[in-house]
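Spelled out from the first residue to the last, the chains are:
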Amino acid sequence: MTFSENPRDRLQKLNEEVISIQSASYKSNSEPVKVVAVSKTHGPEVIEPLIKAGHTIFGENRVQEANAKWSDLRARYPKIELHLIGALQRNKVTLALKLFDVIETIDRLSLARAVASHINSEKLGTKCFIQVNTGEEPQKSGVAPKDADEFISKCISDLGLPVVGLMCIPPSNEEASLHFALLRQIADRNNLKELSMGMSADYSTAIEFGATHIRVGSGIFGPRSDYNFK
Ligand SMILES: *Cc1c(COP(=O)(O)O)cnc(C)c1O
């Protein structure tokens, strides 16, 4: 991707590139790949021009930061679809479900239970992805691949969690395609349609491997800022 001066131009280029990669890949007859614009560390003044240019899907990794930045934006732009892509603590579930339309990081049963119970009692339209730790890295969240089938089935059948797909963050020092292929296999055999995989460095590979959502931060916004939202 060529770097032009501002996020709006970069996003437009990215959108065009995504369409061309997808049309050259085997999934060309399916739904367009969704670009989740990862706006963590960037303030509303950077985000709003993208919304005005028509972008609707954004991702944040921290509940508190998202609350500070998005309450007002969401009220003014009701069509926004906000994704939580970072770890969720149980004591923030209520706030997270008020803010986010999609929780991409369901990674343990206690969290799944708390989220399902709140979604179902409040009749929310929230959708969930299960995070799979495809590289089985100790420092990363996510369900181990070998436990994924049982976990997915528990979430859906026992808890009634609205699970639509899987998400992964491959190890930085390994071939990402192996992890994307693994995630897709797990999704296929569990009849899950959505795959959130691919970031700035590897989204084109992810699309070739069937990503339905790519999560791109620095490729749109440039380097992360050190803005503090506390
Ligand atoms: C920050 C982040 C991204 C975006 O990363 P870039 O490399 O800046 O595109 C994607 N997914 C998750 C889970 C992240 O935390």
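Notes on the structure in this doc start here. (Residues numbered from 1 in each chain as written. Predicted model: local features only at pLDDT ≥ 70, side-chain atom pairs only at ≥ 80, totals over all residues. Heavy atoms only, no water.)

### A short note on the side chain of K69
Within the element layout of this structure, K69 appears in helix α3 (residues 63-76). Looking at K69, the relative accessible area reads 3%, which means it is buried. Looking at K69, its side chain comes within polar contact range of the main-chain oxygen of H42, at 2.8 Å. (Helix = DSSP H or I, 4+ residues; strand = E, 2+ residues; numbered from the N terminus. Buried < 20%, exposed > 50% of the residue type's maximum accessible area, 1.4 Å probe, protein only. Polar contact = N/O pair within 3.5 Å; in protein donor to acceptor, adjacent residues only side chain to side chain.)

### Some words on the environment of E136
Tracing the backbone through its elements, the reader meets E136 in the loop between β5 (127-131) and α6 (148-158). The sequence separation of E136 and F58 amounts to 78 residues, and the corresponding C-alpha distance is 27 Å. With residues up to four places along the chain from it excluded, the contact list for E136 reads A144 and P145. (Contact = heavy atoms within 4.5 Å.)

### What to know about the site of the ligand
As a structural note, the neighbourhood of the ligand is formed by V38, K40, I85, M167, I169, M199, S200, R215, V216, G217, S218 and R224. A distance of 2.4 Å is found between an oxygen atom of the ligand and a side-chain nitrogen or oxygen belonging to S200. Within the contact set of the ligand, an oxygen atom lies 2.8 Å away from a backbone nitrogen or oxygen of S218. With the chains in place, 89% of the 390 Å² that the ligand exposes on its own is no longer accessible. By residue class, the composition of the shell around the ligand is six nonpolar, three polar and three charged. (Near = heavy atom within 4 Å. Areas by Shrake-Rupley, 256 points an atom, 1.4 Å probe, with all protein chains shown as cover. Nonpolar A, V, L, I, M, F, W, Y, C, P; charged D, E, K, R; others polar.)

### Here we look at the packing of helix α2 (residues 44-52) against α3
Here α2 crosses α3 at 25°, and the two axes come no closer than 11 Å. Classed by the angle they form, the pair α2 and α3 counts as roughly parallel. Crossing handedness for the pair α2 and α3: right-handed. Where α2 abuts α3, its residues P44, I47, E48 and I51 lie against K69, W70, L73 and R76. (Axes fitted to C-alpha atoms, helices over the stretch in contact; angles between N-to-C directions. Parallel < 35°, antiparallel > 145°, perpendicular 65-115°, else oblique. Left-handed = near helix turned anticlockwise from the far one by under 90°.)

### Re the side chain of R10
Its place among the elements puts R10 in helix α1 (residues 7-24). In this structure R10 comes out as buried when scored by relative accessible area, which is 10%.

### What to know about the packing of α1 against α2
Orientation of α1 relative to α2, taken along the N-to-C sense of each, is 45°, at an axis distance of 9 Å. The orientation of α1 with respect to α2, classified from their angle, is oblique. When the axes of α1 and α2 are compared, the crossing they make is right-handed. Residues P7, R8 and L11 of α1 form the contact with α2, whose own contacting residues are V46, P49 and L50. Along the lines of polarity and charge, the residues of the contact of α1 with α2 split into five nonpolar, no polar and one charged.

### Quick notes on the packing of aromatic side chains
Per the counting criterion, the structure on display carries one aromatic pair. Geometrically, the ring pair formed by F58 and W70 is tilted, given 5.1 Å between the ring centres and 50° between the ring planes. Pair noted here: F58 is in strand β2 (residues 57-60) and W70 is in helix α3, with a separation of twelve residues, a long-range link. Residue F58 shares its accessibility class with W70, and that shared class is buried. (Phe/Tyr/Trp six-rings, centres within 6.5 Å; stacked < 30°, edge-to-face > 60°.)

### Focus: the pairing of strand β4 (residues 102-106)
Two faces, one strand: in a regular strand the side chains alternate between the faces of the sheet. By the criterion of burial, β4 is predominantly enclosed, with five of the five residues buried. Note: strand β3 (residues 81-84) against β4, two bridges, orientation parallel. Looking at β4, one finds that H83 is bridged to V102. A crossover connection joins β3 to the parallel β4 through helix α4 (residues 93-99); in handedness this β-α-β unit is right-handed. Pairing geometry for β4 and β5, over three bridges, is parallel. The residue of β5 that forms the bridge with I106 is I130. The parallel pair β4 and β5 is bridged by helix α5 (residues 109-122), and the resulting crossover is right-handed. (Pairing = 2+ DSSP bridges. Right-handed = clockwise from strand over helix to strand, strands pointing away.)

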